[in-house]
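Inside the fold
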Amino acid sequence: MARVGTGETVGHVRYTYRLRVSSATRAVLAAEWGRCRWVWNECVAKSRAVTLRNRASGEKVTYGPTQLDRMLTEARARTPWLREGSSVPQQQMIRDFGRSRAKAHKDIVEGLPVARRAGMPTWKTRRESLMTLNYTRRGFRLKDGRLHLAGGIVVRVVWSRKLPAEPSSVRVYQDSLGHWYCSFVVPAQLQPLPATGRVLGVDWGVKETATTTSDAHDLPHPSHGGKARVRLARYDRMMARRRTKKGTPGSRGYRVAKRLRAKVHKKVARQRADTGRKWAKKVVRDHDAVAVEDFRPKFLARSTMARKAADAAIGATKAALIEMDRKHGRDIRLVHPAYTTMDCAQCGARAKHALPLGERTHTCTACGTTAPRDKNSARVMLVRAGLNPAGVEGTRPPGAPLQEAA
């Protein structure tokens, strides 16, 4: 991988900050979200009407963002309530709808199973949908540490860190706990680290989140969800006792229990993200190149290991590692997971049968090498990525060039 200088942009990244929102500003944001939600629901209605008309007449009429923009212009001209809000978040709502609908059509054309499809856009209800407003550069500005949004909305930002560059867009949203955040999109700056002359292979698992060729960099299962399971079960029982009939608003006790449950889930999610980022930072700091199993754990949700796999947060940890490698200019190579547990990292021979999940030791029938199954798989990642795993810990002589993949 070619080294580049510090400060070179490598895509874009989001910087998220907490917002301090007053009751008056909260009411204005809620009104703005109500208009954007109406625009989204109108897009859903128009899209479904055109689809039904095409099925009845056999035509292939399209109704994309251009037609929806024209519909928004006409609606704002004849509806004072809609015209009171800014057009910027309303137009961005149409863009989001277009991307969501395009992704659903793409999944259908590619023939993905129904369980893996994104699904067509649906209604946004007042009770269930969380507020999200997107503004482009012409819809916001920063002045005296405050965020000024189109429509005269001013909110105070908790600047936990400085913005590295001028933002191109901002997203103002509310989470499940009612907290407000703003997320700025800025160009990502490359921050290269000094060379170490070391490479690492990473194999994902359920018993251990990540098994590597270096014992010091293994990531054990954090079990954050297991530690919070007792409290979650208690709040689930509280919600079950207070649940009302469908279509009627929940009682105050139900809302309190729901908020407490959401608070525990939020804490667990933050713990998982923090664990993944810290581990990824350590891996990137100590190694020049990383061979990672391109493992996609979605199928585990339909297995008996679903709860354990979800608590391991393999997908989030893998994304954190890829992002950290990109940020610091390291060489990351994704390896297809097929037959990684059956191949021998020493001689490359493939076993004639798949190794049972309960079997923790890999014994090669060709060369007789015996090694822990996950450690062997981690070394297979290095071999398949074209990196020479010299030594038990997967190191290279200092200053030796990386062996390029074939």
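Here is what the cut-offs are and how they apply
Residues numbered from 1 in each chain as written. Predicted model: local features only at pLDDT ≥ 70, side-chain atom pairs only at ≥ 80, totals over all residues. Heavy atoms only, no water. Helix = DSSP H or I, 4+ residues; strand = E, 2+ residues; numbered from the N terminus. Buried < 20%, exposed > 50% of the residue type's maximum accessible area, 1.4 Å probe, protein only. Contact = heavy atoms within 4.5 Å. Areas by Shrake-Rupley, 256 points an atom, 1.4 Å probe, with all protein chains shown as cover. Lys, Arg positive; Asp, Glu negative; His and termini not counted. Charge placed at Lys NZ, Arg CZ, Asp CG, Glu CD. Core = buried A, V, L, I, M, F, W, Y, C linked by side-chain atoms within 4.5 Å. Pairing = 2+ DSSP bridges. pLDDT = per-residue confidence, 0-100. Polar contact = N/O pair within 3.5 Å; in protein donor to acceptor, adjacent residues only side chain to side chain.

Counting its secondary structure elements, the protein contains 10 helices and 14 strands. Burial status across the protein gives 39% buried among its 406 residues. Considering only intrachain contacts with a sequence separation of at least 6, the fraction spanning at least 24 residues in the protein is 69%. Of the roughly 23,000 Å² that the protein leaves accessible, carbon and sulfur atoms contribute 54%. Averaged over its 80 positive side-chain charges, the protein has a centre that lies 9 Å from the centre of its 33 negative ones.

Turning our eyes to something else, we now look at the nonpolar core. Counting residues in each nonpolar core, the largest one holds 37 residues, and the members touching the most others are Leu19, Tyr135, Leu147, Leu149, Val170, Cys182 and Phe184. Counting residues per element, this core draws most heavily on helix α1 (residues 23-57), which supplies 7 residues. Cys182 has contacts with Tyr15, Thr16, Tyr17, Leu19, Leu147, Val157, Val170, Arg171 and Val172, leaving out every residue within four places of it along the chain. Among the nonpolar cores identified, the runner-up in size contains 20 residues, and Ala210, Trp279, Val283 and Val290 belong to it.

Looking now at the sheet that holds strand β8 (residues 199-204). Ordered in space as β10-β9-β8-β11-β12, the 5 strands form an open sheet in which the pairing is mixed. Each having just a single partner strand, β10 (219-220) and β12 (331-335) make up the two edges of the open sheet. Pairing analysis gives 5 bridges linking strand β11 (residues 289-293) to β12, with the strands arranged parallel. From the neighbouring strand, Ala291 faces β12, where its bridge partner is Arg333.

We note that Ala313 has phi near 55°; this positive angle belongs to a residue other than glycine. Even without glycine at this site, Tyr339 takes up a positive phi of about 65°. Using a relative accessible area of 45% as the deciding quantity, one classes Tyr339 as partly exposed.

Attention shifts here to the confidence of the model for the protein. With 91% of its residues at a pLDDT of at least 70, the protein reaches an overall mean of 86. Residue range residues 1-6 is modelled with pLDDT below 50. Its contacts to residues more than four positions away, or to other chains, number 12 contacts.

Next up on the list: the environment of Arg137. Its place among the elements puts Arg137 in the loop between β2 (132-136) and β3 (140-143). Here Arg137 is in contact with Glu166, Pro167 and Ser168, once residues within four sequence places are set aside. Within polar-contact distance, the side chain of Arg137 engages the side chain of Glu166 at 2.6 Å.

Only one face of strand β5 (residues 153-158) is buried, namely the one carrying Ile153, Val155 and Val157, since none of Val154, Arg156 and Val158 on the opposite face is buried. Here strand β4 (residues 146-149) folds back onto β5, and the loop between the two strands holds 3 residues, one of which, Gly151, carries a positive phi near 100°.

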